[in-house]
Amino acid sequence: MMDNLRAAANHVVLKIILGLIIVSFILTGVGNYLIGGNNNYAAKVNGQEIGRSQFENAVAAERNRLQQKHGERFSELASNEAYMKSMRQQVLSRLIDEALLDQYAQHLGLGVSDEQVKKAIFSTQAFQNNGKFDNARYNALVNQMGMTADQYAQALRNQLTSQQLINAIAGTDFMLKGETDELAALVAQQRMVRTATIDVNTLAQQQTASDQEIASYYEQNKNSFIAPEQFRVSYIKLDAASMQQNASDEEIQAYYDQHQDQFTQPQRNRYSVIQTKTEDEAKAVLDQLSKGADFATLAKEKSADIISARNGGDMGWLEDSTTPDELKKAGLKEKGQLSGVIKSSVGFLIVRLDDVQPAQVKPFNDVRDELAAKVKQEKGLDAYYALQQKVSDAASNDNESLAGAEQAAGVKAVETGWFGRDNLPQELNFKPVSDAIFGGALVGENGTPGNNSDIITVDGDRAFVLRVSEHKAEAVKPLEEVKAQVSDIVKHNKAVQQAKLNADKLLADLKAGKGDEALKAAGLSFGEPKALSRIGQDPLSQAAFTLALPAKDKPVYGVANDMQGNVVLLALDEVKAGTLPDAQKKAMVEGITENNAQISFEALMSNLRKEAKIKTGDIIDPQQ
C-alpha cells in the first residue's frame with residue numbers, strides 16, 4: 001500500500017514525464033484541452049467531457065507501455081478480447097479519476113503561477129540538452145504532440161495544481177513522539193529464548209515401514225510420483241551470423257549510390273518569432289522592426305510565448321518535419337527575411353528566418369566502413385534465406401528423417417538427451433521452438449518419431465528444423481521404482497507424529513515443574529539463551545512472540561517447528577524492550593504516515609466518485 005501511495009504522488013499524469021514518454025503523457029493526460037466538446041465522448045464527469053480521441057490516445061499509450069513490458073507475450077494478450085476490454089475500462093477509470101482530481105483542486109482554489117510553470121518546463125529533462133534547456137528541442141517535441149506552447153503550458157498548470165492536492169493529502173498525517181517511542185520499543189523488542197530440539201531425522205531412523213503401509217501411502221498419493229513427459233530431439237540450426245560474405249569495392253559504391261538518402265542530413269532552418277495576442281500589437285511590433293528595432297530585444301519585451309521570449313525569440317534549428325505550419329507558410333527564403341503579420345491558433349506571429357543549413361550528403365570515404373558492413377550483412381542474409389529455403393524443401397521432401405535436410409545444410413543434426421517441459425536445452429530455449437516440440441504435432445503414435453518440423457525462425461536471424469526422435473508420455477511411476485522413496489516418506493511421517501507426541505508430553509511436564517527429569521530421560525537439554533527479534537521470519541522467532549510474558553525467574557514454555565521440520569521446545573525467560581536508531585525510527589514513521597495518507601487519498605477518491613455525475617459512452621469494447 002505504501003508503494004501505491006508513492007505511485008499516486010508521482011503518477012505520470014501528475015508530473016512532467018521524462019524522455020520520449022512525454023509524448024504519450026501529453027496525449028493521455030491533456031487531450032481534454034485539445035479536443036473540443038462533441039457528442040462522441042468517452043465519458044462526462046460532472047458535465048466535463050472526456051473525448052473519444054483523448055480516450056483512444058490514452059489506450060494507445062497504454063498498449064505501448066504493455067508491449068514494452070511484456071514483449072512478445074503482448075500479442076497473445078492483445079488477442080484476448082476480455083483482457084483488452086478490461087484494459088480499456090481501466091484507462092477510462094483513470095481518466096475519470098484525473099478529471100475528478102482536477103475539478104476538486106479547482107473547487108479548493110488551488111493554483112500555480114506562471115513562474116512555477118516556467119520553472120517546471122525549464123527543469124524537464126525531455127526538453128534539455130547536456131543538462132540545459134534547449135528551446136529547439138522543446139518546440140519540436142511540443143509541435144510533435146500537436147500542441148501549441150500555450151496549450152502545453154495550460155495542461156502543465158492543471159497537472160501541477162492536481163499535484164498540489166495530492167501533496168496536501170500526503171502531508172497531513174503525523175505521529176506524536178510518545179506514540180513513536182512506544183511503537184519503536186515494541187518493534188525492537190527482543191525475547192530471550194532457550195531451545196531443546198527433537199531431531200525428526202534421528203527418530204525416522206528408528207521407525208519401520210511395512211509393505212502394507214508403503215502400498216497404502218503410494219495408492220493415496222500416486223499424483224506425487226508422476227514421471228513427466230519426456231522428449232529426445234534431433235535438430236539442425238541455421239545462423240545468419242555465421243554466413244558473413246565479402247563485399248567488393250563495386251558493391252559498396254553501388255550501395256552508396258542507391259541509398260544516399262540514408263547518409264543525407266536534410267535542410268535545417270533557424271527561426272526567431274514574436275507572438276502577440278492581438279493583430280494590432282503584432283502590427284506595432286512589425287512597424288518597430290521595420291524602423292530598425294532589435295528583434296531579440298522586442299521578443300523579450302513583447303512576445304507572449306514565455307519560452308522563446310526568454311531566448312530573444314530564437315526557436316533553434318528546425319527540420320521540415322518539426323517546423324510549424326505557420327512558419328512554413330510564411331514563405332521565408334533568405335537569411336534575415338522578415339514575415340508579415342501571421343494569424344495562428346495562438347494569436348499573431350512575426351517570424352524572421354535567421355539562418356539556413358542546406359541538405360548535406362556525407363562523403364563516400366566518411367561512410368565506407370559503415371557501407372561495407374551493410375553490404376556484407378545483406379549478402380549474408382540473402383545467403384541465409386536461400387539456404388533456409390533449401391533446407392526447408394529438403395525437410396519436407398524427406399519427412400522420415402533429417403538426412404535430406406542435413407545434406408542441404410551441409411551439417412549433421414544434433415541430438416539432445418532426454419528432457420521435459422521444465423528443462424528444455426538452452427540451445428532450443430526459444431518460444432517458437434518449444435511450442436513446436438510440446439505442441440504435439442511432431443510426436444508419432446505410441447512414442448514413435450513423427451514428422452519433421454517446418455522451418456522455425458527465432459530472434460537474431462536464426463532458424464531450426466527439428467524432429468522428435470523419441471517420446472515418453474506422462475505416467476505414474478510404478479511402485480517398485482519409487483518403493484525406497486515411499487518408505488522414507490512413511491518413516492518420516494511417523495517420526496514427525498512421534499516427535500509431536502514427545503514434545504506435548506515434555507511440555508506438560510515442564511509446566512508441571514517436572515521438566516528437568518523429563519528432559520534428562522528424553523536425552524534433551526535446553527541450550528544457551530538466544531535473543532530473538534520481532535522481525536525474524538523464521539518459525540521459532542514467530543512462535544516466541546506468541547508466548548505470554550514470563551514472570552521473574554519463571555519461564556514460559558511452548559512448542560514450535562524449526563526451518564528443518566524438527567520439533568522444538570521453547571523456554572521464554574525474559575522480554576527486553578528495544579530501541580531503534582533514529583534513521584530506522586524515521587523510516588518507520590514515514591511508512592506508517594504514508595500508509596495512512598494512502599488510506600485518506602483512497603477515501604477522498606471514493607467520495608468524489610460517489611458524489612460525481614458520471615456518464616460513460618459506448619467505447620469500452622475494443623475497436624476492430
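Everything quoted here is computed from the prediction, not taken from an experiment.

Draft legend 1. Broad picture of the sheet that holds strand β7 (residues 230–239). Strands sit in the order β14-β7-β16-β15 across an open sheet of four strands; the sheet is antiparallel. With one partner strand each, in any of the chains shown, β14 (414–415) and β15 (456–458) form the two edges of the open sheet. Across two bridges, β7 lies against β14 in antiparallel orientation. Its bridge partner being in β14, Tyr235 is matched across the sheet by Val414. Packed on one face of the sheet, helix α19 (residues 431–438) meets β7, β15 and β16 (462–472) and runs near 150° to β15.

Draft legend 2. Highlighting helix α12 (residues 249–258). Along α12, the residues that are buried comprise Ile252, Tyr255 and Tyr256. Along α12, the residues classed as buried sweep out an arc of 100° about the axis, all on the same side. Within α12, the exposed residues directed more than 90 degrees away from the buried face are Glu250 and Gln258. Looking at the buried side of α12, the elements it contacts are β13 (360–361) and α17 (364–397).

Draft legend 3. The nonpolar core, seen in detail. One finds Ile50, Phe55, Val91, Leu92 and Ile96 to be the most contacted residues of the largest nonpolar core, which totals 28 residues. For this core, the element with the most residues is helix α5 (residues 81–107), which contributes ten residues. Once residues within four sequence positions are removed from consideration, Val91 is found in contact with Phe55, Ala58, Val59 and Glu62. In terms of nonpolar packing, the next biggest core, distinct from the first, is built from 20 residues, Ala196, Ala518, Val567 and Ala571 among them.

Draft legend 4. Summary view of helix α14 (residues 295–302). Of all the residues in α14, the buried ones are Phe295, Leu298 and Ala299. Summarising the axial view, the buried residues of α14 lie within an arc of 105°, below the 170-degree limit, and thus occupy one face. In this structure, α14 carries Lys300 and Glu301 as exposed residues pointing more than 90 degrees from its buried face. The secondary structure elements touched by the buried residues of α14 are β9 (268–276), α13 (279–290), α15 (306–310) and β12 (347–357).

Draft legend 5. Region of the structure containing the packing of helix α11 (residues 211–220) against helix α20 (residues 479–511). Packing of α11 against α20 leaves a shortest axis separation of 9 Å and a crossing angle of 100°. With respect to α20, the element α11 is oriented roughly perpendicular. Within the contact between the two elements, α11 uses Asp211, Glu213, Ile214, Ala215, Tyr217 and Tyr218 and α20 uses Leu479, Val482, Lys483, Val486, Ser487, Ile489, Val490, Asn493 and Lys494. Tallied by class, the residues present in the contact of α11 with α20 amount to nine nonpolar, two polar and four charged.

Draft legend 6. A look at the sheet that holds strand β20 (residues 567–576). An order of β18-β5-β20-β19 is seen for the four strands of this open sheet, with the pairing classed as antiparallel. In this open sheet, the two strands that pair with only one neighbour each are β18 (530–533) and β19 (556–561). Across the sheet, the mean angle separating the axes of adjacent strands is 45° when strand polarity is ignored. Note that strand β5 (residues 190–198) and β20 share nine bridges and pair antiparallel. The partner of Val193 across the bridge, within β20, is Leu572.

Draft legend 7. Broad picture of the pattern of salt bridges. The full count for this structure, using the stated rule, is 25 salt bridges. One salt bridge connects Glu56 with Arg88, and the closest N-O pair in it is separated by 2.8 Å. Highlighted residues: Glu56 in helix α3 (residues 52–70) and Arg88 in helix α5, separated in sequence by 32 residues. When its relative accessible area of 4% is taken as the criterion, Arg88 is described as buried. Put simply, Arg368 and Asp249 hold a salt bridge, and the shortest N to O gap is 2.3 Å. One end of the pair, Arg368, is in helix α17; the other, Asp249, is in helix α12, with 119 residues separating them in the sequence.

Draft legend 8. Focus on the confidence of the model for the protein chain. Taken over all residues, the pLDDT of the protein chain has a mean of 84, while the share at 70 or more is 90%. Residue range residues 1–38 is modelled with pLDDT below 50. Its contacts to residues more than four positions away, or to other chains, number 88 contacts.

Draft legend 9. Expanded view of the side chain of Asp305. Among the structural elements, Asp305 can be located in the loop between α14 and α15. A distance of 2.9 Å separates polar atoms of two side chains, one belonging to Asp305 and the other to Ser308. Not counting residues up to four positions away in its chain, the partners in contact with Asp305 are Ala149 and Gln275.

Rules and cut-offs
- Residues numbered from 1 in each chain as written.
- Predicted model: local features only at pLDDT ≥ 70, side-chain atom pairs only at ≥ 80, totals over all residues.
- Heavy atoms only, no water.
- Pairing = 2+ DSSP bridges.
- Helix = DSSP H or I, 4+ residues; strand = E, 2+ residues; numbered from the N terminus.
- Contact = heavy atoms within 4.5 Å.
- Axes fitted to C-alpha atoms, helices over the stretch in contact; angles between N-to-C directions.
- Buried < 20%, exposed > 50% of the residue type's maximum accessible area, 1.4 Å probe, protein only.
- Arc of directions from axis to C-beta.
- Core = buried A, V, L, I, M, F, W, Y, C linked by side-chain atoms within 4.5 Å.
- Parallel < 35°, antiparallel > 145°, perpendicular 65-115°, else oblique.
- Nonpolar A, V, L, I, M, F, W, Y, C, P; charged D, E, K, R; others polar.
- Salt bridge = Lys/Arg side-chain N within 4 Å of Asp/Glu carboxyl O.
- pLDDT = per-residue confidence, 0-100.
- Polar contact = N/O pair within 3.5 Å; in protein donor to acceptor, adjacent residues only side chain to side chain.

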